[in-house]
Number of protein chains: 2
Amino acid sequence: MDDDTATEILEATYQALCQHGYADLTLEDIATEADRSKASIHYYYDSKENLFIEFLDFLYERYTAQLPSVDGGAPREQLFTLLETVLIDEEAAPGQEFRTALLEVTAQAPYNDAIQTRLANFDSVLFERVRDIIVVGVEIGEFNATVEPAVAAESLVTIITGAHTRRVAVDRSSEHLYKTIIRYAESQLLVDELSETTH
Amino acid sequence: MDDDTATEILEATYQALCQHGYADLTLEDIATEADRSKASIHYYYDSKENLFIEFLDFLYERYTAQLPSVDGGAPREQLFTLLETVLIDEEAAPGQEFRTALLEVTAQAPYNDAIQTRLANFDSVLFERVRDIIVVGVEIGEFNATVEPAVAAESLVTIITGAHTRRVAVDRSSEHLYKTIIRYAESQLLVDELSETTH
């Protein structure tokens with residue numbers, strides 16, 4: 001299969017997933033969305049599960065490309081840009097329907113190793129980016145010297161995951177959750193100017 | 001229906017849910033688990049959805065009873081007991097299977113108002129308990145005076161929700177997540193002794 005066909009089918013999977021959710025998703029829905037025959041999808045993928053694993057790999061590539069990488073910028077700005085990307089940027093942080101479908105997929109993880117491995121990859125890449133930003137922030141003194149990067153990154157990944165779940169569960173707005181997390185990051189990481197002068 | 005019968009059916013729903021997940025759950029599964037005929041379950045509940053809403057109300061009653069309430073104890077201890085209850089206490093914080101089924105149910109919330117209302121109740125009661133503990137902690141000076149109880153409680157509820165999701169998604173252990181959140185709460189709330197002496 002050429003790359004264009006693959007991308008077309010995977011984009012159609014995204015649309016079909018938003019519309020039908022994961023449990024109800026069929027290869028036929030994806031074919032309809034791609035404007036192809038069901039047979040042509042079957043020609044490339046023998047099951048919904050196999051197509052879906054490839055779809056998760058495709059999302060992962062896109063996700064890692066969208067996550068701001070650690071560059072020479074100020075760590076505080078970098079961290080806030082990253083939080084914006086995963087929480088409120090409509091390009092990168094997908095809408096409510098997709099987020100809901102992803103929760104459904106998450107509920108499959110304990111029963112499906114291939115899915116769990118993919119979700120663990122999303123989790124790890126986010127953790128590593130956050131940790132690397134914090135490492136630099138502590139080194140250059142923009143973040144508090146007492147911050148342990150791995151511990152702070154673990155908290156941040158957990159609170160980001162919680163924001164995604166609460167957005168679906170209780171319809172809390174992304175903006176509101178984003179502000180909560182920014183305030184958390186500020187109080188947790190940034191050098192407190194008052195105490196800095198006294199230490 | 002007498003209370004014993006109701007409790008028996010709702011307990012059977014819990015077991016059947018852990019075993020089958022939400023999407024695949026049928027009234028028949030619940031009947032089997034309760035050692036009753038499907039007709040007798042149908043006599044009380046006309047659909048899986050109705051039974052399930054009553055089940056969520058039943059869980060909510062149990063959840064609010066298990067959550068430690070705000071008493072005269074030290075706020076720090078109370079908060080840690082509460083975190084233990086919702087994160088690692090095997091009695092109150094249900095196992096992996098149930099947590100997984102709850103994520104499946106969460107993915108229904110945007111399409112089902114009755115479910116979303118129930119999930120919002122779980123979220124609110126946790127938020128209120130956490131906030132009330134923090135209010136007292138700030139008042140008596142055990143927590144930092146700069147802590148805003150509602151903001152800190154919102155962060156904590158979000159990170160707790162994230163811990164529940166990550167436990168399912170990436171199989172992170174409850175113990176590990178509990179420790180992360182305890183460290184988070186300590187750094188976020190507790191009066192830093194060093195800065196206290198200098199302020």
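Looking up chain A in an unreviewed UniProt entry gives the name TetR family transcriptional regulator, with the organism given as Natrialba aegyptia DSM 13077.

A.B. asks: So what exactly am I meant to see when it comes to the overall build of chain A here?
C.D. replies: When its secondary structure is counted, chain A shows 10 helices and zero strands. The linear arrangement of helices and strands in chain A, starting from the amino end, is α-α-α-α-α-α-α-α-α-α. With respect to the three principal axes, the spread of C-alpha positions in chain A is 70 × 35 × 30 Å. Buried residues in chain A amount to 53% of all 199 residues. Put simply, of all contacts in chain A between residues at least 6 apart along the chain, 67% involve residues at least 24 apart. Summing over all exposed atoms, chain A offers an accessible surface of approximately 9,100 Å²; the carbon and sulfur share of this is 46%. Side-chain charges in chain A split into 14 positive and 37 negative, and the spacing between the mean points of these groups amounts to 5 Å.

A.B. asks: Hey, could you run me through the pattern of salt bridges in this one?
C.D. replies: Any two side chains of opposite charge can pair, on the condition that their charged atoms come close. All names here are of chain A. Under the definition given, this model contains 20 salt bridges over all chains. Ionic pairing is found between R131 and D132, a salt bridge with its closest N-O pair at 3.3 Å. In this structure R131 comes out as partly exposed when scored by relative accessible area, which is 28%. Overall, D132 belongs to the partly exposed group, its relative accessible area being 33%.

A.B. asks: Explain the relation of the copies chain A and chain B here, please?
C.D. replies: Here two copies of a chain appear, and what relates them is a rotation about an axis with a shift along it. Superposing chain A onto chain B requires a rotation of 180° together with a translation of 0.0 Å along the rotation axis, leaving an RMSD of 0.1 Å. Such a combination of rotation and displacement between the chain copies is what one expects of a two-fold axis. Minimal C-alpha distance to the rotation axis in chain A is attained by G162(A), lying at 1.7 Å. When the interface residues of chain A are mapped onto chain B, 100% of them again fall at the interface, so both copies present the same face.

A.B. asks: Mind showing me how you'd approach the interface of chain A and chain B here?
C.D. replies: Opposite the 43 residues of chain A that make contact, chain B presents 43 residues. Counting each side, the surface lost to burial between chain A and chain B is near 3,500 Å², with a carbon and sulfur contribution of 60%. Broken down residue by residue, the surface that chain A buries against chain B is led by E154(A), T158(A) and R166(A), which jointly contribute 16%. The tally of links between chain A and chain B comes to 10 salt bridges. Here E154(A) makes a salt bridge to R166(B), at a shortest N to O gap of 3.0 Å. Summed over the shared surface of chain A and chain B, the result is 19 residue pairs in polar contact (both at pLDDT 80 or more). Tallying contributions element by element places helix α8 (residues 149-169) of chain A first for the side of chain A that touches chain B, with 13 residues. Taken together, the residues of the side of chain A that touches chain B break down into 18 nonpolar, 16 polar and nine charged.

A.B. asks: Looking at this structure, how should I read the domain arrangement of chain A?
C.D. replies: Accessible area lost on assembly of the parts is the figure often given for the size of an interface. Residues and elements named next belong to chain A. The domains assigned to chain A are domain 1 (1-66) and domain 2 (70-199). A straight line from the C-alpha centre of domain 1 to that of domain 2 covers 28 Å. A combined buried area of about 1,700 Å² lies between domain 1 and domain 2, and 71% of that area is made up of carbon and sulfur atoms. Among the ionic pairs, R118 bridges to D57, the shortest N-O distance being 2.9 Å. At the level of secondary structure, the elements contributing two or more residues to the side of domain 1 that touches domain 2 comprise α1 (3-20) and α4 (48-66). Per element, the largest residue contribution to the side of domain 1 that touches domain 2 is 10 residues, and it comes from α4.

A.B. asks: Quick question: what am I supposed to make of the confidence of the model for chain A here?
C.D. replies: The predicted coordinates of low-pLDDT regions are not to be read in fine detail. Per-residue confidence for chain A gives a mean pLDDT of 88; residues scoring 70 or more make up 93%. Predicted confidence is poor over residues 194-199 of chain A, with pLDDT under 50, and the contacts of this stretch with residues over four places away or in other chains come to five contacts.

A.B. asks: Looking at this structure, how should I read the nonpolar core?
C.D. replies: General note: in soluble globular proteins, nonpolar side chains tend to be found buried as a group. In this structure, L79(A), L83(A), L156(A), L79(B), L83(B) and L156(B) are the most contacted members of the largest nonpolar core, which totals 128 residues. The residues touching L156(A), leaving out its near neighbours within four places in the chain, are L79(A), L83(A), V130(A), I134(A), I181(A), Y184(A) and L189(A). The next biggest cluster of nonpolar side chains, apart from the first, holds six residues, and it includes L103(A), A107(A), V168(A) and V168(B).

A.B. asks: Honestly, the packing of helix α1 (residues 3-20) of chain B against helix α6 (residues 96-106) of chain B in this entry has me stumped. Any pointers?
C.D. replies: In helix packing, the relevant descriptors are the interaxial angle and the interaxial distance, both defined with respect to the helix axes. Residues and elements named next belong to chain B. Viewed as axis vectors pointing N to C, α1 and α6 meet at an angle of 85°, and their least axial separation amounts to 8 Å. In terms of orientation, α1 and α6 fall into the roughly perpendicular class. Here Y14, L17 and C18 of α1 come into contact with α6, specifically with E97, F98 and A101. Class assignment of the residues belonging to the contact of α1 with α6 gives a composition of five nonpolar, no polar and one charged.

A.B. asks: Mind showing me how you'd approach the UniProt feature "DNA-binding region" (unreviewed entry) in chain A here?
C.D. replies: The positions that UniProt labels "DNA-binding region" (unreviewed entry) are, in the present scheme, residues 26-45 of chain A. Counted over residues 26-45 of chain A, helix gives 75% and strand 0%. Its end C-alpha atoms are 12 Å apart.

A.B. asks: Whenever I open this one, the side chain of R99(A) confuses me. Can you help?
C.D. replies: Looking at the secondary structure, you find R99(A) in helix α6 (residues 96-106). On the basis of relative accessibility, which here comes to 11%, the residue R99(A) falls in the buried class.

About the criteria used
- Residues numbered from 1 in each chain as written.
- Chains lettered and ligands numbered in written order.
- Predicted model: local features only at pLDDT ≥ 70, side-chain atom pairs only at ≥ 80, totals over all residues.
- Heavy atoms only, no water.
- Helix = DSSP H or I, 4+ residues; strand = E, 2+ residues; numbered from the N terminus.
- Buried < 20%, exposed > 50% of the residue type's maximum accessible area, 1.4 Å probe, protein only.
- Contact = heavy atoms within 4.5 Å.
- Areas by Shrake-Rupley, 256 points an atom, 1.4 Å probe, with all protein chains shown as cover.
- Lys, Arg positive; Asp, Glu negative; His and termini not counted.
- Charge placed at Lys NZ, Arg CZ, Asp CG, Glu CD.
- Salt bridge = Lys/Arg side-chain N within 4 Å of Asp/Glu carboxyl O.
- Least-squares fit on C-alpha atoms with pLDDT ≥ 70 in both.
- Buried area = accessible area lost by both parts, 1.4 Å probe.
- Polar contact = N/O pair within 3.5 Å; in protein donor to acceptor, adjacent residues only side chain to side chain.
- Nonpolar A, V, L, I, M, F, W, Y, C, P; charged D, E, K, R; others polar.
- Domains from an automatic or database assignment.
- pLDDT = per-residue confidence, 0-100.
- Core = buried A, V, L, I, M, F, W, Y, C linked by side-chain atoms within 4.5 Å.
- Axes fitted to C-alpha atoms, helices over the stretch in contact; angles between N-to-C directions.
- Parallel < 35°, antiparallel > 145°, perpendicular 65-115°, else oblique.
- UniProt positions renumbered as here; feature names shortened; annotations may be inferred.

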